[in-house]
Amino acid sequence: MIIDGREIAKKIKSDVKESLSSCLRAPKVVAIILGDNPSSESYLKMLEKTCTNVGFDYELCRLSDTASEMELLALIDEKNKDDSINGILVQMPLPAHISQEKVLMHIDPVKDIDGFHPLNAGRLFKGEKAMRPCTPLAVVTILDALSIDLKGKNIVVIGRSNIVGKPLAIMLMQRHATVTVCHSRTQNIAQHTKAADIVILAVGKPGFLKKDMVTEETIVIDVGTNEVDGKLVGDADFDALKDYVKMITPVPGGVGPVTNAVLLLNVLEHFEL
Ligand SMILES: Nc1nc(=O)c2c([nH]1)NC[C@@H]1CN(c3ccc(C(=O)N[C@@H](CCC(=O)O)C(=O)O)cc3)C=[N+]21
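Looking at an unreviewed UniProt entry, the protein chain carries the name Bifunctional protein FolD, with the source organism given as Fusibacter ferrireducens. Reading the Subunit (unreviewed entry) entry of the UniProt record for the protein chain gives the comment "Homodimer." Listed under Sequence similarities (unreviewed entry) in UniProt, the entry text for the protein chain is "Belongs to the tetrahydrofolate dehydrogenase/cyclohydrolase family."

Here it is in C-alpha cells:
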C-alpha cells in the first residue's frame with residue numbers, strides 16, 4: 001500500500017480551518033529569508049499557500065544574503081515583541097557568516113514553530129509539552145493517521161540529525177516504541193532493518209533502502225528529499241519496494257505535505273482559539 005501524504009495533510013488543514021471558524025482574529029506566521037535560493041523560494045511559496053488556505057495571516061520578510069547577523073537578530077526581536085505574530089520561521093540554511101545557533105536561540109520559544117530552539121528541544125527531551133520540529137512530527141502524525149499502534153514496535157530510524165533523527169527517536173520512545181537509531185558508522189544496517197516493524201529513512205541517499213533489507217511486513221516512511229536528474233526522490237528504492245512492503249510513503253506526496261500541515265498545529269499550540 002502506498003501512503004497518501006497529501007490526503008493526510010488535507011485532513012489536518014481542514015481540521016485547522018474548522019477550528020478557526022469561530023475565531024475573532026487569525027493567527028499570523030512570519031517567514032524570514034536571506035537571499036534568494038530557488039529551493040527555499042519554492043518551499044516558502046508552499047508555506048504561504050498552506051497558511052493562507054486555512055485562513056492564517058502570512059508575512060514574508062526578505063533580507064539580502066549579505067545582511068549582518070545583527071540585522072537579522074534585530075528583525076527577530078521586532079517580531080518577538082509583536083503580539084499580532086504567533087509563529088516565526090527563519091528559512092534554513094543561513095549564509096555562512098551567520099550563526100544558526102545564535103539565530104535559533106533568539107526566537108521566542110513560544111513562537112518557535114520549527115521547534116529548533118534549545119528550550120523546545122530540551123522540553124521534548126524531557127517529555128514536557130514543547131513545540132516539536134515539523135518533519136519528525138509529520139512522521140508520527142502519519143503513523144497515527146494510519147492507526148498504527150507504536151507500543152512495543154521495533155522501529156529503526158536511519159539518520160541522527162538534530163532536525164529529524166534525534167527528535168524523532170525521542171517522540172517514538174514516548175509512544176513506547178523500541179527505537180534503534182542507525183547512521184553512517186552503523187555496521188550491517190540490513191540486519192537492523194530486516195528485524196524492524198517500521199523503517200524510517202532520513203539519510204539523504206537516493207535508493208539507500210533496497211528490497212533485500214526489508215520484509216513484506218515492513219512499513220517504510222521515507223523522509224529523504226534528494227534531487228536526481230532534476231527530480232525529487234526519497235531514500236528508498238521506491239519502485240522495488242512499493243509492491244513488496246506492507247506500506248510505504250512516496251516522495252513527493254508522502255512526508256513533505258504533512259510536514260507543512262503540522263506546522264499549522266504548532267502555530268495553534270500557543271494561540272487562544
Ligand atoms: N526553518 C526551516 N524550516 C523548515 O521546515 C524548512 C527549512 N527551514 N528549510 C527548507 C526545508 C525543506 N522543507 C520542506 C517541507 C515540505 C516539502 C514538501 O511538501 N515537498 C513536496 C514536494 C514539493 C515538490 O514537488 O517540489 C512533497 O514531498 O510532496 C518540501 C520541503 C522544510 N524546510
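So that's the structure; there's more coming.
Trainee: Could you give me a rundown of the overall build of the protein chain, with the residues and numbers involved?
Mentor: From N to C terminus, the protein chain includes 10 helices and 10 strands. Counting only C-alpha atoms, the protein chain reaches 55 × 45 × 40 Å along its principal axes. Sorting the 273 residues of the protein chain into buried and exposed places 40% on the buried side. Put simply, of all contacts in the protein chain between residues at least 6 apart along the chain, 68% involve residues at least 24 apart.

Trainee: Residues and numbers for the domain arrangement of the protein chain, please.
Mentor: Domain boundaries in the protein chain define domain 1 (24-109) and domain 2 (134-256). Taken over C-alpha atoms, the centre of domain 1 sits 29 Å from the centre of domain 2.

Trainee: Lay out the site of the ligand with the relevant residues and their values.
Mentor: Every one of the 17 residues lining the ligand counts as a neighbour, but Met-92, Pro-252, Gly-253, Gly-256 and Thr-259 are closest to it. Broken down by secondary-structure element, the contributors of at least two residues to the shell around the ligand are α2 (38-53), β3 (87-90) and α10 (255-269). Considered class by class, the residues forming the shell around the ligand number 10 nonpolar, six polar and one charged. Taken domain by domain, the shell around the ligand gets at least three of its residues from each of domain 1 (24-109) and domain 2 (134-256).

Trainee: So, the environment of Ala-26: which residues are in play, and what are the values?
Mentor: Structurally, Ala-26 can be placed in the loop between α1 (5-20) and β1 (28-34). A residue is classified by how many C-beta atoms lie within 10 Å of it, and Ala-26, with 17 of them, is partly exposed. In this structure, the C-alpha to C-alpha distance between Ala-26 and Ile-12, residues 14 residues apart in sequence, is 17 Å. Here Ala-26 is in contact with Leu-20, Gly-55, Phe-56 and Asp-57, once residues within four sequence places are set aside.

Trainee: So what about the packing of α1 against α10? Which residues, and what values?
Mentor: Close contact between α1 and α10 brings their axes to 7 Å; oriented N to C, the two are set at 20°. As the angle between them shows, α1 and α10 are arranged roughly parallel. Here α1 runs over α10; the crossing is left-handed. Packed against α1, whose contacting residues are Gly-5, Arg-6, Ile-8, Ala-9, Ile-12, Lys-13 and Val-16, the element α10 presents Val-255, Gly-256, Pro-257, Val-258, Asn-260, Ala-261, Val-262, Leu-264, Leu-265 and Leu-268 at the interface. Its residues assigned to classes, the contact of α1 with α10 shows 12 nonpolar, three polar and two charged.

What counts and how
- Throughout, residues of each chain are indexed from 1 in the direction in which the sequence is written.
- It should be noted that, the model being predicted, local features are given only for residues of pLDDT at least 70 and side-chain atom pairs only at 80 or more, the latter also being counted only at that level, while totals for whole chains, interfaces and linings use all residues.
- UniProt positions are given in the numbering used here, feature names are shortened, and annotations may be inferred rather than shown by experiment.
- Strands here are runs of E lasting at least two residues and helices are runs of H or I lasting at least four, both read from the DSSP assignment and numbered beginning at the N terminus.
- Residues are called buried when their C-beta atom has 20 or more other C-beta atoms within 10 Å, exposed when it has 12 or fewer, and partly exposed otherwise; all C-beta atoms are positioned from the backbone.
- In this description, a residue-residue contact is defined by the distance between C-beta atoms placed from the backbone, which must lie within 7 Å.
- Domain segmentation is taken from an automatic or database assignment of domains.
- Each residue gets a C-beta atom placed from its backbone. If that atom is within 6 Å of a molecule or strand, the residue is near it.
- The residue classification treats Ala, Val, Leu, Ile, Met, Phe, Trp, Tyr, Cys and Pro as nonpolar and Asp, Glu, Lys and Arg as charged. All others, Gly included, are polar.
- Only the stretch in contact is used when a helix axis is fitted, and all axes are lines through C-alpha atoms; the angle between N-to-C directions ranges over 0 to 180 degrees.
- Angle categories are assigned with fixed cut-offs, so that under 35 degrees is roughly parallel, over 145 is roughly antiparallel, 65 to 115 is roughly perpendicular, and the rest are oblique.
- Each helix crossing is assigned a hand: it is left-handed if the near helix lies turned anticlockwise from the far helix by less than a right angle, otherwise right-handed if that turn is clockwise.

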